[in-house]
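Descriptive analysis of the structure
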Amino acid sequence: MDPQLLQIKDFTYELPPERIAKYPLPERDLSKLLVYKNGAISQSVYREVADFLPSDALLIFNNTKVVEARLLFKKASGGMIEIFCFEPGDEYANITSAMLQQGKVFWKCLVGGASKWKRGAILEKKLATPQGEILLQAEIIKRLQDYFVIGLSWMPIHISFAEILHLAGQVPLPPYLQRQAEDDDKERYQTIYARYDGSVAAPTAGLHFTDHIFEQLKGKGIHWDFVTLHVGAGTFKPVKSDLIAEHEMHSEFIDVTKNSIENIKKNLQKAVIAVGTTSLRTIESLYWLGLKVSNNPAITAEEFDVHQWEPYQTNADISAEKALDHLINWMEKNGKERLITKTRIMIAPGYNLKIATALITNFHQPQSTLLLLIAAIAGEQWKEMYAYALKNDFRFLSYGDGCLIFKQR
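My aim in this report is to walk through the structure given alongside it, one point at a time. Position numbers for residues count from 1 along each chain, tracking the sequence in the order it is written. The predicted origin of the model limits local features to residues at a pLDDT of at least 70 and limits the giving and counting of side-chain atom pairs to 80 or more, whereas totals for whole chains, interfaces and linings rest on all residues. Excluding hydrogens and water, the side-chain values take into account all heavy atoms of the structure.

By definition, any uninterrupted DSSP run of H or I lasting at least four residues is a helix, any uninterrupted run of E lasting at least two residues is a strand, and each is numbered from the N terminus. Of regular secondary structure, the protein possesses ten helices and 18 strands. Against the 2.2 N^0.38 benchmark of 22 Å for 409 residues, the protein shows a C-alpha radius of gyration of 21 Å, consistent with a compact globule. C-alpha extents for the protein along the principal axes are approximately 60 × 55 × 45 Å. Three labels apply to residues, based on accessible area from a 1.4 Å probe with only protein chains included: buried if under 20% of the type maximum, exposed if over 50%, partly exposed otherwise in between. Relative to its full complement of 409 residues, the protein shows a buried share of 55%. When contacts within the protein are restricted to residue pairs at least 6 apart in sequence, those whose partners lie at least 24 apart make up 75%. Where accessible areas are quoted, they stem from the Shrake-Rupley method and a 1.4 Å probe; at the residue level, only the protein chains shown are allowed to cover. Here the protein has roughly 18,300 Å² of accessible surface; of this, 48% comes from carbon and sulfur atoms. Here the globule rule is a power law, 2.2 Å times the number of residues to the power 0.38, and the radius of gyration is based on C-alpha atoms. Between two residues, a contact is recorded if the distance between any of their heavy atoms is within 4.5 Å.

Assignment of secondary structure puts Ser368 in the loop between strand 17 (358–362) and helix 9 (369–378). The residues contacting Ser368, other than those within four sequence positions of it, are Ile8 and Val239.

It is worth spelling out the sheet that holds strand 3 (residues 57–62) at this point. In a beta sheet, neighbouring strands pair by backbone hydrogen bonds and run either parallel or antiparallel. Whether two strands pair comes down to DSSP finding at least two bridges between them. The strand order across the open sheet built from ten strands is 2-1-18-17-14-3-12-13-16-15, with neighbouring strands paired in mixed fashion. Whereas interior strands pair on both sides, the edge strands pair on one side only; in this sheet they are strand 2 (40–45) and strand 15 (305–306).

Mapped onto the elements of the fold, Leu34 is located in strand 1 (residues 32–37). Take Leu34: its relative accessible area is 0%, and that puts it in the buried class. Counting along the chain gives 349 residues from Leu34 to Lys383, while the straight-line C-alpha distance between them is 13 Å. In this structure Leu34 touches Ile41, Ser42, Phe363, Met385, Tyr388, Ala389, Phe394, Gly402, Cys403 and Leu404, once residues within four positions along its chain are discounted.

The subject of this paragraph is the pairing of strand 16 (residues 338–343). Burial along strand 16 is one-sided: the residues Leu339, Thr341 and Thr343 are buried and none of Arg338, Ile340 and Lys342 is. Pairing analysis gives six bridges linking strand 13 (residues 252–257) to strand 16, with the strands arranged antiparallel. Its bridge partner being in strand 16, Ile254 is matched across the sheet by Thr341. Here two bridges tie strand 15 to strand 16, and the two strands are oriented parallel to one another. Residue pairing for strand 16: Val306 is matched across the bridge by Thr343.

Our next topic: the nonpolar core. Within the largest apolar cluster, 83 residues are counted, with the highest numbers of intra-cluster contacts made by Ile355 and Phe396. Every residue in contact with Ile355, bar those within four places of it in the chain, is listed here: Ile264, Leu268, Val272, Ile283, Glu284, Leu286, Tyr287, Ala320 and Leu324. We define a nonpolar core as any set of buried Ala, Val, Leu, Ile, Met, Phe, Trp, Tyr and Cys residues linked to one another through side-chain atoms lying within 4.5 Å. Membership of the second largest hydrophobic core comes to 37 residues, among which are Tyr92, Ala98, Phe161 and Phe253.

None of the figures reported here should be taken as evidence of function without further support.
This is how it looks when you write it as structure tokens:
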């Protein structure tokens, strides 16, 4: 099956507004869990997820951290301008280096109220901190078709941009929640293991995991490891074209250590379970990066990324173990302990999972690329799963319930 020929209208369902969870449950791990395996559906709660996992499983979590990416500036006239910082400028090698910039940074942004922002005008915002006042300024560098490049500068200049966002920004809740961020969202729209600043959306499958669950996993002999994919604004981008071929996937930074790749390789014959679609896209991208190395051992770091349709246009003629072997050897040869690159991989019906054997994830929006990913794993049975969830009062989207989906035999 060529996913480019798929029509997005075939991947929709009726989602009543009241089924969208606007707030999280008081306890993370009491969210409902739908389990789909070998065509059968069962129901539990996340607190019991270890009962449904093989004892030799390796779980892969995304340890990205959501940044307070929404900046509000008040104009002298009283009007508000909202700047949503979704991706660093092209001059930075990765998100981490951009976050560490001091004094000034260039960022790709969406701007609310842009028509009221006069050309050449500089917006200012004063921040009161225990260490003294900070002056933050914003100016338009470029106006492009889909976004703006904004120059942000601040005094004193010794403060990093990550600190500026923590001080001045707001949590960028998904637009479909249709509410402003509240104080509780700073904690609840963040996994308990979040570590690296860079995402504008949470890897929501991980929001359900608690220390109690990790103790349960440990007691069963289940292991886990971490990768990093910084979620971009494109995760909310709807598919507006009739054919999937006309939809452009967003590019996202991934960061994986050599030790984690070796750990995944060691567990390929067991069960590698991705916690979240971002974890899945990251580990599946590792296969295609390894295949690139196998076809071109002299490939440079600058050529290292995964394109949207690459999995459907490339002959996947080596095993996952060999692909990861090639990748590890390339990293060792080039003195790299971490692999930092971008992926635009599209996982849709017609894609065969190379590394993952199961996925833990939330319920996703109709006509979204994330729903296409679910259909790639569950086949047409995704409709049965979602119908069951709607019938049995599951809560949907970022703060909602979730499911454990095993790959079809």
